[in-house]
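This is what each chain is made of:
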Amino acid sequence: MKKNLIIIIALVSFFGCDDYLDVVPDNRQTVTTLDDVSELLVSAYSEATYNFVEWKTDNVTAIPDNDQFDWMTENYQFTPVVSEEGQDTPTYFWDNNYQAIAHANQALEGLDGIDGGDVGYRNALRGEALMTRAYHHFMLANVFCQHYNDANKEGLGVPYITAPETSLKVEYERGTLEQTYEMIEKDMLEALPLISDAYYEGTGKYHFTKTAANAFASRFYLFKGDYQKCIDYSDKVLGNGVINTTYVRDMDEVFTGTSSTQIADQFNEINSPYNIFVVRKESFSNRYYRGYRMNTNIFSNVVRANIQQSADQRDLLYSYGTQARQQPKYNELFEFTTSTTGFGYIIMTQIRGEEVVLNRMESYVRLNRLDDALNDYNVFATLRYDTGGQLTLPQIVAGFGGTEQEAMLDFVLLERRKEFLAEGLRWFDIKRLSIEVRHVDVNGDEFVLGEEDLRKAVQIPETATTNGIEANPR
Amino acid sequence: MKNNQNFYDFLLDFRNKTLFVMKCLSVFLVLFTLYSFTDSYSQSKKLRIEIREATLMNMIESIENQSEFVFIYNDEVLPELLKVLGNIQIRNKTIDKVLDRVLNKEKLIYSINERQVILNKKVKILDSNLQQQISGQITGTDGLPLPGVNIVIEGASRGAQTDFNGIYSINASKGEILKISFIGMKTQFITVGDDSTIDIVMEEDLEDLETVVVTGYQKIKRKLFTGSAATVKLEDVKLEGVADISRSLQGQVAGVEIQNVSGTFGTAPVIRIRGNASINGTNKPLWVIDGVILEDAVEISNEDISSGNLDTVLSSSTAGINPEDVETFQVLKDASATALYGARALNGVIVITTKRGKTGKPSINFTSSLTTRAKPNYDQFNFLNSGDEMSVYQELYEKGWIDIAGSNGAANHGVFSDMFKRIVDGDISWGPGGTPNYNYLQRYANANTDWFDVLFKDSFVRTNSLSISSGTETSRFRASVSSIVDKGQTIADDVKNYTANLNADFDLSEKFTIGFKVTGNVRDQRIAASEDRDYNALTGVFERNFDINPFNYALYTSRSITPYDENGNRQFFRRSYAPFNILHEVDHNFVDLSLIDLSFNTNIKVELTENLNFTTVLNGRWYKSNAVQTVHENSNNAEAYRADNPLIRNNNIFLFDDPDAPELEPYSVLPNGGFRKTTDFGLTSYYMRNQLDYSKTFGDLHTVSALLAQEIRSSERVTEKNDGWGYLFDKGGLILSDPNFIRFLDSRGEEYFDVDETNQRGWGMFSNLAYSYDSRYVINGTYTYTGDNRTGSSKAARYLPTWNISGAWNVHNESFMDNVDWLNLLKIKSTYGLSGSNPFDASAGLIVFGEEPLRPQAAEREVALLIDQLENGELTFEKLYEWNIGVESAFFNNRIGLELEYYKRKSEDLIGFIETNGVGGESLKLGNIGDMDREGYEVTLRTVNVKTPTFRWSSNFNFSHSKSEITNWEAQDRIGDAISRNGANLKGFPVGALFSVPFAGLDSNGIPTFFGEDGAIIQDLNLQERDDITNFLKYEGPTEPTFFGGFNNTFNYKNIGLNVGFSYRGGNKIRLDDAFFERYDDYSSLPGDLINRWSLPGDENITNIPSILSEIASQGLSNEGLNPYDLYNKSDVRVADGDFVRLKNIKLSYRFPKRFIDSTWLKSATASLSAHNLWLVYSDDKLNGIDPEFFQSGGVSLPLTRSYTFTLNFNF
């Protein structure tokens, strides 16, 4: 009896305890099915915008009667943003992009651990994971590094992460920009044939659809300077030959409505084919009574004086009691974390059809296929100018000067600038094209960003540099 | 005389020893005591004696060594004892059998009284005429006569007992021995001499308790105990009328700091044993009740106890325990004492032992008390009166902050903006020339509303407790019930709390004992309605909506607002866009909380062999609470959801701005009814422990004891919240939910119901080995191995081995101390060991949770998995290495007791959030990132200052000092953290170091300025800055007290007793609430110092109170990016010392005289009058009377006010 008892105690005590502790302590989930991987990938899209780079461009100026914030001023004055780490800052952008990448990597690891399942589904998931990983690294590289070209490609890249982090502190090397681009290209090219639209909910536009992937490739090769490939991937979206208007919104129609919110909703309408890829962004950047914005003057210079000699259908400005002016492109919605406070967010079209059109147009010009560029333009222009905006090469040369190719390039880049006002893309053009930016702040002090300027690579966030990431040279 | 007991005996004996407390003065008990004492458990102890050529003396030594028996004899019998009897070999016989066999009955007689065996020379029976009548009076140390005391003549069957006057008489011969015994008193032996009158004073037998340390799983003889622990009898520290026993420990035990952050029933005090061992952990001690770990119903960290959230009223582990059921507390402080709790013991352990049934006829105890509390008043605080408020409003008006347009769109109104609204409504007219209507305002300028008087009330708390204890030799029972009926301190709260406790112990055989315990607690509580506070990440402050906590309302509401209008009707002012009157709101918006807590315990004890015992403890506990918030359709809270007047509807965030209908103005999604919000908490916990105890004495000197135990536990918690929309309370619960409310919530990312389930499991194995040599040298080692399912699935993360080694030297037992009469106890002890904790539920594995990303298009909705925590394979438990050395001593016949302890602690692998480079995808990670050193000492001095037959004064003074230093902390706090109330954690500083912005005076516009780096004058500081923040800031001190303690005095004079207790603490700094701003409003109370504000140039030389800015000047500051007013509230002028001395309690008690008792059927009766929180003797003037312990957090928290209690206790 006694012995039995002791034996029982010994058994209870030393065996079976580990199973007992295998019960999960709360509602946490595990990644065990392809659906789980698919759900992980829903989180593989960064909620941070790069819109803060808009405040570094020549699209904005000081608006003295706006509310001023240090972190906006830091952007405007081309100094590192250290006073704020929340939404619309480089820190937030850095953290969230890498968070999206972590989800992609976790999804890929999850796929490796799951046997069986629908092969098509599995491939589609793998494709999406690789593509979103490539995309987020690409955006990081374009914000935090110099523009990719022969002169800069030996410079610093961004850490390219291909596996989940498993320990507390990990040191990362930035590598060269060339290495970063190679990795992006490798992931992207592997992903392109795998991506499938068959498994997405709704329109799938919150994810990388096939169209979105090709559109991204178009941007990638344009920024890389590989213009033929840019044309090739643009063609996969737009079709060969002259564009049709599927991927160009009718601005007259879109920019008409009773309120700025209604117009913005039309602008970002998810069911419209020209909105290729959308992401929900936690951002207050749409509050144009804050900080540095466009004013009537800038808008007039960019949009109103045109060689088309026509009213521009993008000419729609809203104001909020200050000199700031803005087109109604985004509608700030609000996510409540408490019943009175929370975070503003916008649904932001990350890649629009017009960008692919303009990417291809620019690539044609770069490859001196000026007629092809002009043909695309003349289709595009019918939906932008009240008069149809039709132009010929001589008219453009007359308007812009220089050689035909130079004039066409300047012309296309101006269309690009008009099209993407307040969407952040201007900054990348400033980097690509080595444009100088002059800013005068509310106190009248001038800040100049040179054509070739180290500050064109946004400084790595303080949180990263103090934790072992190499800072950009200054 | 040596008295070596083995451990087993000790355990068994403990139960009998607990018979000490009852000072029952009853004749009924006499018979019982006669029998119970002659057959106590120890007498069934089986003895084993094997001695060659033994004398009786050898045998006595052997018995003394293997049992607790002590032999008492005088020189007359010595010759008999030294006679050689031959070889003795006796096995498994009880003491009487042994003695019967070996004693020469012709010459010696024996008697056994509990542990004492008295040997006497046999006296020839003398003629009865040689006997004389002995008589006298028997009294207690308090001089009270003791009725019912037993007087027995040793070796004879004659006995007597005292009458109601304590008088006895008995026939005895000279030389016979009188044995005088009484429950709870030390038994005395008196040899009859020539005197025929023998008066006897009996002393309380306190020894029993003080010789035992209950670590929850083990009971250890104090002299063999090597750890640091303090025993507190609840009876000595009990605060009459205070329902939560944990509060009574304040100021009682060195090293234990108790902070009463809220007086709301059910809210736990913050308890720290030897300071915080962790930086981010819960830092709460582990509660153990009768050998079972008491799991928290809701898991709340020390910091969150002060949040004022609804769940804080469930935070106290001890609120459901009837104080009358508690026998003792044992506070286990060092690693040795807490060793068996291994990976959960980081913050110390408090063990509660409850009362069990006692052998004897039913003994009934009834206690009833009545408590009343004082209302707070404005003298304790520093606010402007309504006349001065009005002059500030005038300035706000002149400076553009209050105007007619703004007022009509404003969310909240005070009297000034209300006036503008009335002008617009046409109720009143403008003043002359379009000025404000000062005639109208005059009434409010004179109002001086006393909100404390309006919202607090003088009501009573009635506490009743009834217990009955009874038992036979083999079974014992105790039952108790108690109730607390609290009519509420304010108009918004009340409590009814009931407890029941039933326990039964059965000795099924000599080797098999089984015990049961059932405890239950039921509570009905009404509390002020409020939503849980939320952290607003944008502003960095906690927000709480619709907070109608009366105390907060009284503190923060303008005194010019009136609760009633001229006609005596309730007057409404706008709040959250809707009409608001606090009295109306309290009637229409409240929370009813009900709670049921049931627990079953079973203890089984089996004696496997003489030296080996097996114990099983089983416990199951079911806890359910249900809080229902009634938000009546007529409440402000509900009306705010339909305040859609065109002037405000675009501002009112409680209206729905329908994204699918942009042409519509925001509209209400609560057109009808109010809310019925329920919050349910549930806990189901199971616990089992199996334990083997071994104990054996080898030879006479070597005692070995060992323990091997295993435990397994599980706690499942469920929290469920549900908001019912559109509930019509006045229509019998008709539900008219607007279909759009879900869309409204959906558009905001909110939910109308929420469920949270956790399942915590643990497993542990413990072993302990102790060896003592001759009771002089003790060495003790413990090894435990415990696992927790929350730390992840890898073995390395899941299990933590902890260990401990300790030793003690009982110096007073040394032979060289034999002649030192003045020293009763001198023990030196030391410990080194490791304990642990997993404070954050930090897991080493990947954690992903499901979520739904907010998307405006319904067709695009999908479910996401979000990584909550990346894998962190290196993550491990927090660890505490502790070295403790202590001295326990007692002098002059135990009149002075002094304990000194010194400890050095090293907390390692402390878990915190560390900022990463972000590249892995998680910018803040939980990791083992810190180490902390702490050292401290504790002094406890117990003295009996005066001791005469009628007067006794004893005191207990304790002092604890504790200092921490963070030696490694890889996270970097920001300036904003360092200047906030909780301070920052920085390497080289104590935990929670408070910093300030150094104030440099007001500038010529009355705007504050500060010293920046290198003495520059600044008005702007980046609160996000995290590098070298000490360059910018002034170090104020720790937020945690560096010293604390208590001083308690007890006076007894005849029937009267007086207790006076002080508690004190200090060395910490308190950040005052933010009080000064660029602008103010007309609905909040205003700080009294505002009267000295800067108003004219030149004032900067005479005042530190910043000016009220004009709207334009304020805009100017904002444009320049300056934040001087934010910094002012966080500057060194807004810091107070946390030091205080408090007269915590006074208790005057009166024991009813015998004359009175004799005429009733009572055994005793006591009446007492006590007062708590009577007087804050000292605190920093800067606090303006605000209690330094209380945290201003709103929600459900209430201050601990002054209270008076009248208590009656009857025993019959």
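All chains use their own residue numbering, which begins from 1 and follows the written sequence. Think of it this way: whatever chain is written first is A, whatever ligand is written first is 1, and the rest follow in order. Given that this is a predicted model, residues contribute local features only at a pLDDT of at least 70 and side-chain atom pairs are listed and counted only at 80 or more, while totals for whole chains, interfaces and linings are drawn from all residues. Side-chain numbers here rest on the full set of heavy atoms in the structure, without hydrogens or water.

A. Molecular detail of the overall build of chain B. Numbered from the N terminus, helices here are DSSP runs of H or I no shorter than four residues, and strands are runs of E no shorter than two. When you go through chain B residue by residue, the secondary structure sums to 22 helices and 57 strands. Using C-alpha atoms as the atom set, the radius of gyration is obtained and then compared with a globule rule of 2.2 Å times the number of residues to the power 0.38. The C-alpha radius of gyration of chain B comes to 35 Å, within 12% of the 33 Å expected for a compact globule of 1212 residues. Referenced to the eigenvectors of the C-alpha coordinate spread, the extents of chain B come out at roughly 120 × 70 × 65 Å. The burial tally for chain B puts 59% of its 1212 residues in the buried class. Whether two residues touch is decided by their heavy atoms; if any such pair falls within 4.5 Å, the residues are in contact. For chain B, long-range pairs separated by at least 24 residues make up 71% of all intrachain contacts whose partners lie at least 6 apart in sequence. Accessible surface is estimated by sampling points in the Shrake-Rupley manner with a 1.4 Å probe; for residues, cover comes only from the protein chains shown. Per element, the accessible surface of chain B, about 46800 Å² overall, is 53% carbon and sulfur. Charge counting follows a simple rule: Lys and Arg are positive, Asp and Glu are negative, and His as well as the terminal groups are ignored. Here the site of a charge means NZ on Lys, CZ on Arg, CG on Asp, or CD on Glu. For chain B, the distance from the average site of its 118 positive side-chain charges to the average site of its 159 negative ones is 10 Å. Categorising residues by exposure relies on relative accessible area from a 1.4 Å probe, with only protein chains included: less than 20% of the type maximum marks a residue as buried, more than 50% marks it as exposed, and the intermediate range marks it as partly exposed.

B. Representation of the interface of chain A and chain B in the model. Taken together, the 83 residues of chain A in the interface contact 91 residues of chain B. By definition, the buried area sums, over both parts, the 1.4 Å-probe accessible area that each loses when the two are put together. Interface of chain A and chain B: buried area, both sides summed, is about 7300 Å²; carbon and sulfur atoms make up 55% of it. It is A:Tyr20, A:Leu21 and A:Leu168 in chain A that bury the most area against chain B; as a group they hold 11% of the surface buried on that side. Should a side-chain nitrogen of Lys or Arg be within 4 Å of a carboxyl oxygen of Asp or Glu, the pair is scored as a salt bridge. The interface formed by chain A and chain B contains 4 salt bridges. N or O atoms within 3.5 Å of each other form a polar contact, as long as, within protein, one can give a hydrogen and the other can take it, and as long as residues adjacent in sequence are counted only when both atoms are side-chain atoms. Applying the counting criterion to the chain A and chain B interface returns 26 residue pairs in polar contact (both at pLDDT 80 or more).

C. Focus on the pairing of strand β38 (residues 799–810) of chain B. All names here are of chain B. Summarising the sheet, strand β37 (residues 777–788) and β38 pair through 11 bridges and their orientation is antiparallel. Residue pairing across strands places Tyr 783 opposite Trp 803, the latter belonging to β38. By definition, two strands form a pair when at least two bridges between them are found by DSSP. Two strands pair when backbone bridges link them, and β38 and strand β39 (residues 823–837) are joined in this way by 7 bridges, in the antiparallel orientation. Across the sheet, Asn 810 pairs through a bridge with Lys 827, a residue of β39.

D. Quick look at the confidence of the model for chain B. All names here are of chain B. Of all residues in chain B, 93% have pLDDT values of 70 or greater, and the mean over the chain is 84. Summary of the metric used: pLDDT quantifies the predictor's per-residue confidence within the range 0 to 100. Contacts for the low-pLDDT stretch residues 1–41, under 50 throughout, to residues beyond four places or in other chains number 115 contacts. Under a pLDDT of 50 for its full length, residues 125–129 has, in the predicted model, 1 contact with residues more than four places off or in other chains.

E. Geometry of the domain arrangement of chain B. Residue and element names in this part refer to chain B. For chain B, the assigned domains read domain 1 (7–207), domain 2 (208–366) and domain 3 (1139–1211). Domain start and stop points were drawn from an automatic or database domain assignment. Centre-to-centre separation of domain 2 and domain 3, based on C-alpha positions: 20 Å. Taken together, the 27 residues of domain 2 in the interface contact 25 residues of domain 3. Regarding the contact of domain 2 and domain 3, the summed buried area is about 2000 Å², with carbon and sulfur atoms giving 46% of it. Sorting the residues of domain 2 by area buried against domain 3 places Glu 240, Gln 250 and Phe 366 first, and these three jointly supply 27% of that buried surface. Glu 240 is the partner of Lys 1147 in a salt bridge, and the nearest nitrogen-oxygen pair spans 3.1 Å.

F. Helix α14 (residues 370–381) of chain A, seen in detail. All names here are of chain A. Here the expected length of a helix is defined as 1.5 Å per residue gap, with one fewer gap than residues. For α14, spanning 12 residues, the distance from its first C-alpha to its last is 16 Å, which sits close to the expected 16 Å at 1.5 Å a residue. Inspection of α14 places Leu 370, Ala 373, Leu 374, Asp 376, Tyr 377, Asn 378, Phe 380 and Ala 381 among the buried residues, and these make up the whole buried set. Tucked inside the fold, the buried residues of α14 contact α13 (353–366), α15 (393–400) and α16 (404–419).

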